[in-house]
Amino acid sequence: MTKKRAIFLDRDGVINKKAKEHDYIKNWGEFEFLPHIKDVISQLNKKFLVVVVSNQRGVSRGLMTLNDVHSIHVNMQTELKKSNAIIDSIYVCPHGIKEKCACRKPEPGMIFQAARELNIDLSNSYMIGDSLTDIEAGKKAGCKTILLADANLARETKPDFAARSMLDVLHFIN
Ligand SMILES: [Mg+2]
Ligand SMILES: [Zn+2]
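Okay, so let's go over this structure. (Residues numbered from 1 in each chain as written. Chains lettered and ligands numbered in written order. Predicted model: local features only at pLDDT ≥ 70, side-chain atom pairs only at ≥ 80, totals over all residues. Heavy atoms only, no water.)

What about the coordination of the zinc ion (ligand 2)?
Six octahedral donors around a metal ideally subtend angles of 90 or 180 degrees, whereas four tetrahedral donors ideally subtend 109.5 degrees.
So, point 1. For the zinc ion (ligand 2), the full set of protein donor atoms is C93 (SG), H95 (ND1), C101 (SG) and C103 (SG), and the range of their distances to it is 2.0 to 2.3 Å.
So, point 2. Coordination geometry of the zinc ion (ligand 2): the four donor atoms subtend angles of 102 to 117 degrees at the metal centre, consistent with an arrangement described as tetrahedral.
So, point 3. All donors of the zinc ion (ligand 2) come from a single chain, and their spacing in sequence reads C-x1-H-x5-C-x1-C.
So, point 4. Judged by its relative accessible area of 18%, C101 falls in the buried class. (Donors = N, O, S within 2.8 Å, 3.2 Å for Na, K, Ca; no water. Tetrahedral: all angles 85-135°; square planar, octahedral: opposite > 155°, others 65-115°. Buried < 20%, exposed > 50% of the residue type's maximum accessible area, 1.4 Å probe, protein only.)

A few points about the coordination of the magnesium ion (ligand 1)
So, point 1. Summarising the metal site, the magnesium ion (ligand 1) is bound by the protein donors D10 (OD), D12 (O) and D130 (OD), whose distances to it range over 2.1 to 2.2 Å.
So, point 2. Along the chain, the residues donating to the magnesium ion (ligand 1) are arranged with the sequence spacing D-x1-D-x117-D. With a gap of 120 residues between them, D10 in the loop between β1 (6-9) and α1 (37-44) and D130 in the loop between β4 (126-129) and α5 (132-141) connect regions that are remote in the sequence. (Helix = DSSP H or I, 4+ residues; strand = E, 2+ residues; numbered from the N terminus.)

Quick notes on the layout of surface pockets
So, point 1. Computed from the structure, the largest pocket encloses a volume of approximately 630 Å³.
So, point 2. Residue lining of the largest pocket: 21 residues in total, with K18, Y24, N55, R104 and S131 positioned closest to the centre.
So, point 3. Mapped by element, the contributors of at least two residues to the lining of the largest pocket are β2 (49-55) and α5.
So, point 4. Of the residues contributing to the lining of the largest pocket, the split by class is three nonpolar, six polar and twelve charged. (1 Å grid on protein atoms, 1.4 Å probe; cavity = no way out; pocket = protein on both sides within 12 Å on 5 of 7 lines; lining within 4 Å. Points joined across faces, edges and corners; volume = space filled by probe spheres on them. Nonpolar A, V, L, I, M, F, W, Y, C, P; charged D, E, K, R; others polar.)

Below is the structure:
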């Protein structure tokens, strides 16, 4: 069976507005889509699997439950579908830093799990995120990386591409 190409998306700061520093998106009421993301996902659906890989340490900190996270994702996918935007799969790391799991980005565990479960060709796939840890995880997994951020962070992080917005991202993907 031929392997599929995927776009791995970080969630907070890519799909939806980030919570304030040290806070988390704990329920659907706090979730706000970023501009253009629905259209961009729907474009990406034509050529790629779209897979979300998200660290949600607020679960380990007891600020929300894994069920709260799932319920946000059910709502998120329902809203996206109204714009013909499909997320093929979602992986969440609920662990804290001290748990030293293999899934919390910058570790590539969620990307490797997705590659096994969905038969993904990692070297022809992309990891898109707004943090250094997303880019590190993508590199460790052997994906191409796109950082959504200002030029300063891009200089430190050295992604394959730096984009100012998700609309911009479409130029780098082929
Ligand atoms: Mg992020
Ligand atoms: Zn984890």
